[in-house]
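Structural characterization, general
Given next are the chains, with one letter for each unit.
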Amino acid sequence: CIQRAIFNYIHPCNSMKLFSFLLLSLALATSCFGANSATPPPKGFPFSLPKEKPDRPLSAAMARIYDQYEAPRPEDNELFSQFKYTELKGFDYHGHDGTISRRDPSKVIFANGKYYVWYTHRNTPTPPQGADKSTDKIPSSDWDLADIWYATSKDGFTWEEQGVAISRPPKPNVGWRSVTTTDILEWKGKYYLYYQGFMQASGKRGDDCPVAVSYADSPEGPWTAHNQIVIPNGAKGEWDQYSIHDPYPLVHDGKIYIYYKSDFDGDPKLVRMQGLAIGDNPLGPFTKHPLNPVITSGHETSLFPFQKGVAALVYKDGNEHNTIQYAEDWVNFEIASITELMPFAGAPFVPDAFTNTKDGRGITWGLAHFINAGNEWQKNHAILTRFDCDLSRDLHDPEMKAHQVRYTKEDYYQQGLSLKQKERIRNTLTPE
Ligand code: AAL
């Protein structure tokens, strides 16, 4: 009908009518385009990533970035961060000959105007020689025949070693072979160091030990050994029957929550998972949680209060390694982010570790270690290092929220094929 209207209108042709026709066409064209702006939105996912979960059918992966993570982008996720590393000053390693090792640092605390850290300290005539060659002087592993030493710092970068905090006790006390892998608790004005107490050289059967504790009125000591096992190995046939590693105390709900690792199974490789034991008294007893293991991956797993719950740095082992996890109830952990280059044996400075907070603020730095620091297993030893991150609700450091860690081609070529793999590939018939 529009065509007929135009034909009737301009049939007796003259310039006025031609001008009006052109005007009418322009108006129609504009209205058509204009009509386009009233057309429904495109059916595809929008170009600008919605900050909130959109009301439309979503794939499992798209639903997950809204349901599982704090934000659809890593840079907006408070529980995502990169990790940056700085060499520490103040520790001597005998030229990295393997006779001295520092590793598995405790959480860092601040007291008397300075930072404190405790760690496994080994100083032996030889580097580790394995369980069969070990003696009462020759270590089996990097953490065999070790004591617990401590150091202080004004800035977290340069440290002053203060010396031994806890020495190995005489036989048959718990830890007579080696006291290692300690962590600190401040509780009602006193200090407690929990640690692995070895009563045989690590590696004889396995890396077997329970957890013991010493206490002091000051972080400077002197430390009194409780001389009893506070977190015992599990019963025969239970997941944690042989090893209770990496005790990691925090205060929550007016109680002491000690997270720990156990190595189990071993067929063909060890499985490493994390358990939880809860107590009202720092000298025990501690009750293991019935849902243990509570984290299915990780190694020396470090944790920190975050909002109402607790977050965990889960690295190195297991299906969910390289993740940062979160449990609002401090027991049931979910993956909060995926990251990389995570600190080995991360030991953060956690200002609210013992404040029984329900509003955890998070972390920005801590210490960690590098094992086989000399890149020669014949000189096996570990060194302490510092990491920085932005897992804090009180910091916004966009550089820490970048999600592309730069590796060099050398890093990739260092991850080369083994001889066995090269042989396999060589023997694989090339397709016709
Ligand atoms: C560390 C920790 C425990 C283990 C050994 C020394 O990384 O998991 O302490 O026993 O390795």
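For the structure given in this document, a descriptive report is provided here. Residue numbering note: each chain is counted from 1, following its sequence as written. A pLDDT threshold of at least 70 governs which residues receive local features in this predicted model, and a stricter bar of 80 or more applies before side-chain atom pairs are shown or counted, although totals over entire chains, interfaces and linings include all residues. Neither water nor hydrogens contribute to the side-chain values; these are computed over all heavy atoms in the structure.

Points about the overall build of the protein
- Assigned secondary structure in the protein consists of five helices and 21 strands.
- Against the globule reference of 22 Å for 432 residues, the protein gives a C-alpha radius of gyration of 30 Å, more extended than a compact globule.
- Seen along its three principal axes, the alpha-carbon backbone of the protein occupies a region of about 120 × 65 × 45 Å.
- When each of the 432 residues of the protein is scored for burial, the buried share is 47%. The helix and strand labels rest on DSSP assignments: H or I over at least four residues marks a helix, E over at least two residues marks a strand, and numbering proceeds from the N terminus. Our radius of gyration looks at C-alpha atoms and nothing else; its globule reference is 2.2 Å times the residue count to the power 0.38. Three labels apply to residues, based on accessible area from a 1.4 Å probe with only protein chains included: buried if under 20% of the type maximum, exposed if over 50%, partly exposed otherwise in between.

Considerations on the sheet that holds strand β11 (residues 245–252)
- Strand order in the open sheet formed by four strands is β11-β12-β13-β14, with antiparallel pairing between adjacent strands. Of all strands in the sheet, those with a lone pairing partner are β11 and β14 (287–288), marking the two edges.
- Strand pairing is assigned whenever DSSP detects at least two bridges linking the two strands. Note that β11 and strand β12 (residues 255–265) share six bridges and pair antiparallel. Looking at the pairing, H245 lines up with K261 of β12.

Observations concerning the packing of aromatic side chains
- Two rings belonging to Phe, Tyr or Trp (six-membered ring only in the last case) form a pair when the distance between their centres is within 6.5 Å. Interplanar angles under 30 degrees mark stacking, angles over 60 mark edge-to-face geometry, and anything in between is tilted. Summed over the entire model, instances satisfying the criterion amount to 21 aromatic pairs.
- Seen from their ring centres, W118 and Y150 are 6.2 Å apart, and the 20° between their planes marks the pair as stacked. Note that W118 is positioned in strand β4 (residues 114–123) and Y150 in strand β5 (residues 147–153), a separation of 32 residues in sequence.
- Take W118: its relative accessible area is 0%, and that puts it in the buried class.
- Between Y194 and F286, the aromatic rings sit 6.1 Å apart at their centres with planes inclined by 85°, giving edge-to-face as the arrangement. Of the two residues, Y194 is situated in strand β8 (residues 190–198) and F286 in the loop between β13 (270–279) and β14; the sequence distance between them amounts to 92 residues.
- On the accessibility criterion, Y194 (0% relative accessible area) is buried.
- Residue F286 is classed as buried on the basis of its relative accessible area, which comes to 10%.

A word on the site of the ligand
- By convention in these notes, a residue is near a molecule or strand provided one of its non-hydrogen atoms lies within 4 Å of it. Around the ligand, the surrounding shell consists of R103, D104, W143, T181, Q196, D207, H245, D246, K261, H299 and E300.
- Residue T181 places a side-chain N or O atom 2.6 Å away from an oxygen atom belonging to the ligand.
- In the environment of the ligand, an oxygen atom lies 3.1 Å from a nitrogen or oxygen atom belonging to the side chain of D246.
- The fraction of the free accessible surface of the ligand (280 Å²) that becomes covered by protein chains is 97%. Polar contacts, as counted here, are pairs of nitrogen or oxygen atoms within 3.5 Å of one another; within protein the pair requires one atom able to donate a hydrogen and one able to accept it, and residues that are adjacent in sequence qualify only if both atoms are side-chain atoms. Residue-level accessible areas treat just the shown protein chains as cover; the underlying method is Shrake-Rupley with a 1.4 Å probe.

A short note on the pattern of salt bridges
- Think of a salt bridge as a Lys or Arg side-chain nitrogen and an Asp or Glu carboxyl oxygen that are within 4 Å of each other. The full count for this structure, using the stated rule, is 26 salt bridges.
- When the shortest N-O distance is used, the salt bridge between D147 and R168 registers 3.1 Å. Of this pair, D147 sits in strand β5 while R168 sits in the loop between β6 (159–166) and β7 (178–187), and the two are 21 residues apart along the sequence.
- D147 gets classed as buried once you look at its relative accessible area, which sits at 14%.
- E328 serves as the salt-bridge partner of K308, at 3.9 Å between the closest nitrogen and oxygen. Here K308, found in the loop between β15 (302–307) and β16 (309–314), pairs with E328, found in the loop between β17 (323–327) and β18 (334–338); they are 20 residues apart in sequence, far enough to count as distant.
- Through salt bridges with shared partners, a single ionic network connects D246, K261, D263, R272 and D317.

Structural notes on the pairing of strand β2 (residues 100–103)
- Side chains of β2 alternate between two faces, with I100 and R102 and S101 and R103 buried alike.
- The pairing of β2 with β4 spans four bridges and is antiparallel. The residue bridging S101 from the neighbouring strand is R122, located in β4.

What about the side chain of Q274?
- Relative to the elements of secondary structure, Q274 occurs in strand β13.
- Within the structure, Q274 has its side chain in polar contact with the side chain of T301 (distance 3.2 Å).

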